[in-house]
Amino acid sequence: MKIILMRHGQAEDETRPDSARKLTDLGCEQAKQTAEYISNRYQPDYFLVSPYVRAQQTLAELQALMSNVPSNIQQNITPSDDARLALADIAHIEVECLVVVCHMSIIAHIAALLTDDYPESFSLAEARVFEMDFVMMGMAREIARFVPDQPY
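Residues numbered from 1 in each chain as written. Predicted model: local features only at pLDDT ≥ 70, side-chain atom pairs only at ≥ 80, totals over all residues. Heavy atoms only, no water.

Structural notes on the pairing of strand 1 (residues 2–7)
Turning to step 1, where the next piece is worked out: For strand 1, a buried count of five out of six residues is recorded, marking the element as mostly surrounded by other parts of the structure.
Turning to step 2, where the next piece is worked out: Bridge analysis of strand 1 against strand 4 (residues 97–102) gives six bridges, and the strand direction is parallel. In the sheet register, Ile-3 faces strand 4, and the bridge partner there is Leu-98.
Turning to step 3, where the next piece is worked out: Pairing of strand 1 with strand 5 (residues 127–131), which is carried by five bridges, proceeds in the antiparallel orientation. Residue pairing in the sheet places Ile-4 in a bridge with Val-129 of strand 5. (Buried < 20%, exposed > 50% of the residue type's maximum accessible area, 1.4 Å probe, protein only. Helix = DSSP H or I, 4+ residues; strand = E, 2+ residues; numbered from the N terminus. Pairing = 2+ DSSP bridges.)

Quick look at the packing of aromatic side chains
Turning to step 1, where the next piece is worked out: Evaluation of the coordinates by the stated rule reveals two aromatic pairs.
Turning to step 2, where the next piece is worked out: Judged by centre distance (4.6 Å) and plane angle (10°), the rings of Tyr-37 and Phe-146 are stacked. Residue Tyr-37 is found in helix 1 (residues 25–41), and its partner Phe-146 is found in strand 6 (residues 141–146); the two are separated by 109 residues along the sequence.
Turning to step 3, where the next piece is worked out: Among the aromatic side chains, those forming a connected cluster through ring pairs are Tyr-37, Tyr-42 and Phe-146.
Turning to step 4, where the next piece is worked out: Here the basic side chain of Arg-128 rests over the ring of Phe-122, its NZ or CZ set 3.7 Å away from the ring centre. (Phe/Tyr/Trp six-rings, centres within 6.5 Å; stacked < 30°, edge-to-face > 60°. Lys NZ or Arg CZ within 6 Å of the ring centre and 35° of its normal.)

Regarding a nonpolar patch on the surface
Turning to step 1, where the next piece is worked out: Together, Phe-134, Met-136 and Met-139 give the surface a local cluster of nonpolar side chains, amounting to about 290 Å² of exposed area.
Turning to step 2, where the next piece is worked out: Note on placement: Met-136 falls in the loop between strand 5 and strand 6.
Turning to step 3, where the next piece is worked out: You can call Met-136 partly exposed: its relative accessible area is 46%. (Patch = residues over 30% accessible without salt bridge, like charges linked within 9 Å, V, L, I, M, F, W, Y side chains within 5 Å. Areas by Shrake-Rupley, 256 points an atom, 1.4 Å probe, with all protein chains shown as cover. Salt bridge = Lys/Arg side-chain N within 4 Å of Asp/Glu carboxyl O.)

Looking at helix 3 (residues 83–90)
Turning to step 1, where the next piece is worked out: The complete set of buried residues in helix 3 reads Ala-83, Ala-86, Leu-87 and Ile-90. Viewed along the axis of helix 3, the buried residues span an arc of 95°, placing them on a single side of the element. Exposed residues on helix 3 whose side chains face more than 90 degrees from its buried face are Arg-84 and Leu-85.
Turning to step 2, where the next piece is worked out: Among the structural elements, strand 1, strand 2 (46–49), strand 4 and helix 4 (106–115) are those in contact with the buried residues of helix 3.
Turning to step 3, where the next piece is worked out: Two or three places before Arg-84, at the opening of helix 3, Asp-82 has a side-chain oxygen 2.7 Å from that residue's backbone nitrogen. (Arc of directions from axis to C-beta. Contact = heavy atoms within 4.5 Å. Polar contact = N/O pair within 3.5 Å; in protein donor to acceptor, adjacent residues only side chain to side chain.)

Digging into the nonpolar core
Turning to step 1, where the next piece is worked out: Ranked by internal contacts, the top residues of the largest apolar core, which has 27 residues, are Ile-3, Leu-5, Leu-98, Val-100, Ile-110 and Leu-114.
Turning to step 2, where the next piece is worked out: Elements supplying a minimum of two residues to this core: strand 1, strand 2, helix 3, strand 4 and helix 4.
Turning to step 3, where the next piece is worked out: Per-element tally for this core: the top contributor is helix 4, with seven residues.
Turning to step 4, where the next piece is worked out: Residues within four places of Leu-98 in sequence aside, it is in contact with Lys-2, Ile-3, Ile-4, Tyr-46, Leu-48, Ile-90 and Ile-93.
Turning to step 5, where the next piece is worked out: If you look at the next biggest cluster of nonpolar residues, it comprises 21 residues, including Leu-59, Val-69, Cys-97 and Ala-127. (Core = buried A, V, L, I, M, F, W, Y, C linked by side-chain atoms within 4.5 Å.)

Here's what the structure looks like:
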């Protein structure tokens, strides 16, 4: 089984509620680059996404390339949610290749739980690929990562 954890692209400044922040033009381009990377190398069975607008917009770039892949919103993968609870819910999804689109810092904590390591920040629209026999803390190994072009 593979889990691909993807952070959303660059979002606008916090001029509105955090959940309503949208991707910038650069953020859309970053999400598109990562979506192309994923679609060219993997065959996702299922997409899981945060309810926040910027994550939904990031997922839209994946769906543009892989429109036949079902998706679902998972309420507990927002920036301040508990990674252990989120991972417990993710573990119930039975697919071969799952893509999870969410946020810092929960994404770093989910990755750390999977590999039994320390949390490491994700760049904007970064994707990391983890392989495991089944979803359980400490059972995964990271096999790839992709970071799209970043602003300077």
